[in-house]
Amino acid sequence: MKQKDLSPRMFVGVMIAVITLVLVKAALAATDLTAAFVTSGNDDIMRLVMIRDWLNGQDWFDTTQYRLVPPDGVLMHWSRYLDVAIAAFIFPLSFVFPMEQAELIAVAIWPTLLMVLLILTIGFGARRVFGTGPACVAMLFAALWPFTSDFYFGVGHIDHHNVQVLMLAVMTLAAIWPDRAVLSGVVAGLAAAFSLAIGLENLAYILVLGMTLLVRAIFDMDQWGTTRLRAFCAALCIAAPVLWLGQTAYARLNAGVCDQLGVPVLSLIAIASIASFAATLPILRAPVARLVVATTLTVIGCGLAWPALGACITQPYADLPLVVQQIIGGAIVEALPGMNFAGRSPSLYHQMMTPVAVTLCLALVVWWSARKQASSLQGHQVLGMLLILGSIGFLASFSQMRLLSMASGVVPLLAGVGLWHLFCQYRNTHAAGYAITLLGTAVLILSPALIEAPLRQALQTAPTNTQNSRPNCPDMAIMAALNELPPSQILTPMNLGPLLLFATHHDAMSGPYHRSAGAYMNGLIPFQMAEGEMKAFLAKSGASHLVLCRGANHGDSFATALASGANPAWLRQVNISTQNLLVFEIIQD
């Protein structure tokens, strides 16, 4: 798919410019590190709380957050591998700065470093596969697309999603690398294994990636297809169990967990790898025979492993009460179906989805034109594979918006190929039609926000608030005022639970983590109740105090009245040095 190329100096210049843009954005955001981190997200805050606990002596294999719904706590499904990576910055910085400052500097460095690594990976990878021009566009796309530049790689984002995006890019480029089949297969397998070790968000993508490698090997669509497939499966089969053993307590090795790397996922890996190796045996020469063998072994393997796999079909929220599942369906913004997300945040949806939709359509046009050129046969096959992989995240986003992340390792490459193709067509013809198409497509892909204001004016619609529905008091200084109270068990609305753990010495009774029905219910249910129901619920919750943001709107419930100044007899208001919080001691009958 390579077109007439740019000079190597141009590639270096664009890469330096893009990395400079990333660093400048990070430096500007880091002018107020505390605010940037506190507003980054619950999972980012909880990750740092977990790192603190580990640095303070909690066991490597013990990922229970004991201050969340004590005394038993909540067993988190996160990996310690990222904890140690971030702690590797915090620990040396703590010798120079106070620990609190060292933590904040580290949470600025970590996502910025990952973004730079993503730019380098996409840049050098796309250049090797497609050429300098597409690589330059791909780097620009990665730096400008909100889903990568801000949503996951902004200062303060230290949950595992940005690492998942980086692993997607590595896997994708390794799978389409034009040579070194063994090395590229091993790299793809190792990246897939590490991705699964830190979270299962990319599981569907990895399965489809393996299927595309299998199909290419079965039908001899790649001269190194069989070698690459076997190297991928071998690396994944070896690395995944090793990483699993390295982060899983011995007592939990047999647990059939569905929300992290465990027996069910390892079973899938084994089934797919056995089917792939068997289907590519030299004795099977006919593609149909290979396909039959792969399909048969996969069906048999899934049947044998169904006791482990079947329980995971309805996860991760299946174990929560139905009423909580229904609330979650509308409370977690990034978990909303795409169309629902668009209704709530149309501007943000446009900025994230328009570039993907236009890129996929443009890449489809390029793929269709390339299929007619014998000289572009190999490039046509690679582009077709990328279209399949890129479509996974796009289609999955209509189920949950956050699943668009599965397209993040592919869409920059497709954007680079598509826009560079249009540029070459214009350069070769100087036709006005190509110039207009190139300009319009470039705006939609690289800067869709430019058309937002004119479109809104044409439709005569008002700007939409795209910020999430966090309470109006997520501030370190405000929350720290709660330290004026002796250590207590405090129940708060859902999104204040992790911040309470981070900023205070108190225990939190609520948090958005599906392994604890209690934490979920405490953070959602009472804030939708009438007064009598709320009183009975709080009496059974185990909480000693209730904390609300002053003036917060909880809909048609007694919590809204409390936030507006109501003071019932069964709650005793406690005064602290901030007016932003309302603190009530729960009086037990």
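Residues numbered from 1 in each chain as written. Predicted model: local features only at pLDDT ≥ 70, side-chain atom pairs only at ≥ 80, totals over all residues. Heavy atoms only, no water.

Enquirer: What is the right way to look at the confidence of the model for the protein chain in this model?
Expert: The predicted coordinates should not be examined in detail at positions where pLDDT is low. Overall, the predicted model of the protein chain reaches an average pLDDT of 87, with 91% of residues at or above 70. Taken element by element, the predicted model of the protein chain shows its lowest mean pLDDT in helix α21 (residues 452-459) (57) and its highest in helix α9 (residues 181-198) (96). Between residues 464-471, whose pLDDT stays under 50, and residues either more than four places distant or in other chains, the model counts 17 contacts. (pLDDT = per-residue confidence, 0-100. Helix = DSSP H or I, 4+ residues; strand = E, 2+ residues; numbered from the N terminus. Contact = heavy atoms within 4.5 Å.)

Enquirer: Just to check I follow, could you spell out the packing of helix α17 (residues 346-370) against helix α19 (residues 411-429) for this structure?
Expert: Angle between the axes and distance between the axes are the two parameters that describe a pair of packed helices. Close contact between α17 and α19 brings their axes to 8 Å; oriented N to C, the two are set at 60°. The orientation of α17 with respect to α19, classified from their angle, is oblique. The two elements α17 and α19 cross, and the hand of that crossing is left-handed. For the pair formed by α17 and α19, the contact residues are V356, T359, L360, L362, A363, V366 and S369 on the first element and V411, L414, A415, V417, G418, L419, H421 and L422 on the second. Residue composition of the contact of α17 with α19, by class: 11 nonpolar, four polar and no charged. (Axes fitted to C-alpha atoms, helices over the stretch in contact; angles between N-to-C directions. Parallel < 35°, antiparallel > 145°, perpendicular 65-115°, else oblique. Left-handed = near helix turned anticlockwise from the far one by under 90°. Nonpolar A, V, L, I, M, F, W, Y, C, P; charged D, E, K, R; others polar.)

Enquirer: Whenever I open this one, the state of the cysteines confuses me. Can you help?
Expert: Linking two cysteines covalently through their sulfur atoms gives a disulfide. Enumeration according to the criterion identifies one disulfide in this entry. No disulfide involves C302; its nearest neighbouring cysteine sulfur is the one of C312, lying 12 Å away. (Disulfide = S-S within 2.5 Å.)

Enquirer: How should I be thinking about α17 in this particular structure?
Expert: Since the α-helix packs 3.6 residues into each turn, any two residues three or four apart lie on the same face. An ideal rise of 1.5 Å per residue puts 36 Å on 25 residues; α17 measures up with 35 Å between its terminal C-alpha atoms. Where α17 bends most, the angle comes to about 35°, and this point is M353, followed within four residues by the proline P355. (Expected span 1.5 Å × (residues − 1). Bend = angle between axes of the 7 residues up to and from the residue.)

Enquirer: Explain the side chain of D53 here, please?
Expert: Its location among the elements puts D53 in helix α3 (residues 42-55). With no salt bridge to any partner, buried D53 finds its closest opposite charge in R67, at an N-O distance of 5.4 Å. Once residues within four sequence positions are removed from consideration, D53 is found in contact with Q58 and Q65. (Buried < 20%, exposed > 50% of the residue type's maximum accessible area, 1.4 Å probe, protein only. Lys, Arg positive; Asp, Glu negative; His and termini not counted. Salt bridge = Lys/Arg side-chain N within 4 Å of Asp/Glu carboxyl O.)

Enquirer: What am I meant to see in the pairing of strand β5 (residues 545-549) here?
Expert: The side chains of a regular strand alternate, residue by residue, between the two faces of the sheet. For β5, the buried fraction is high: five of the five residues fall into the buried class. Here β5 shows two buried faces, one formed by H545, V547 and C549 and the other by L546 and L548. Bridge analysis of strand β3 (residues 489-491) against β5 gives two bridges, and the strand direction is parallel. From the neighbouring strand, I490 faces β5, where its bridge partner is H545. When β5 meets strand β7 (residues 581-586), the two strands line up antiparallel, connected through five bridges. Note that in β7 the partner of V547 across the bridge is V583. (Pairing = 2+ DSSP bridges.)

Enquirer: Is there a simple way to think about the pairing of β7 in this case?
Expert: The buried fraction of β7 is high, at five of six residues. Relative to β7, strand β6 (residues 571-574) is paired through four bridges, and the arrangement is antiparallel. Within β7, the position partnered with L571 by the bridge is I586. Here β6 folds back onto β7, and the loop between the two strands holds six residues.

Enquirer: What should I look at first to understand the packing of aromatic side chains in this one?
Expert: How two aromatic rings sit relative to each other is set out by the distance from centre to centre and by the angle between their planes. The tally for this structure, following the rule as stated, stands at 18 aromatic pairs. Each ring, one from F394 and one from F398, has its centre 5.4 Å from the other, and the planes form 85°; the classification is edge-to-face. On the basis of relative accessibility, which here comes to 17%, the residue F394 falls in the buried class. For R127, the ring lying beneath its charged end belongs to F11, and the centroid distance is 4.5 Å. (Phe/Tyr/Trp six-rings, centres within 6.5 Å; stacked < 30°, edge-to-face > 60°. Lys NZ or Arg CZ within 6 Å of the ring centre and 35° of its normal.)

Enquirer: Which parts of the structure should I look at to understand the sheet that holds β3?
Expert: Within a sheet, adjacent strands bond to each other through the backbone by hydrogen bonds, running parallel or antiparallel. Strand order in the open sheet made by the five strands is β4-β3-β5-β7-β6, with mixed pairing throughout. Every other strand in the sheet has two partners, leaving β4 (507-508) and β6 as the edge strands with one partner each.

Enquirer: Just to check I follow, could you spell out unusual backbone geometry for this structure?
Expert: Negative phi characterises most residues that are not glycine, and trans characterises most peptide bonds. A cis amide bond links P70 with the next residue in sequence, P71, at an omega value of 5°. Its location among the elements puts P71 in the loop between β1 (64-65) and β2 (74-75). Despite not being glycine, R180 shows a phi value in the positive range, around 50°. Along the polypeptide, R180 turns up in the loop between α8 (161-175) and α9. Take R180: its relative accessible area is 59%, and that puts it in the exposed class.

Enquirer: Would you take a moment to explain the side chain of S184 for this structure?
Expert: Relative to the elements of secondary structure, S184 occurs in helix α9. Here R228 takes part through its side chain, which lies 2.6 Å from a polar atom of the side chain of S184. If near-sequence neighbours (up to four positions away) are discounted, S184 is found in contact with A174, W177, D179 and R228. (Polar contact = N/O pair within 3.5 Å; in protein donor to acceptor, adjacent residues only side chain to side chain.)

Enquirer: How should the pattern of salt bridges be read in this particular structure?
Expert: Summed over the entire model, instances satisfying the criterion amount to eight salt bridges. The partner of D150 in a salt bridge is K25, with the nearest N and O atoms 3.1 Å apart. With D150 in the loop between α7 (146-149) and α8 and K25 in helix α1 (residues 8-29), the pair connects residues that are 125 residues apart, well separated along the chain. Exposure remark for D150: the relative accessible area of 41% places this residue in the partly exposed category. A salt bridge links R47 to D83, with the shortest nitrogen-to-oxygen separation between them at 2.7 Å. Highlighted residues: R47 in helix α3 and D83 in helix α4 (residues 80-93), separated in sequence by 36 residues. For R47, a relative accessible area of 1% corresponds to the buried category. Within this structure, R47, R80 and D83 form a network of salt bridges that share partners.

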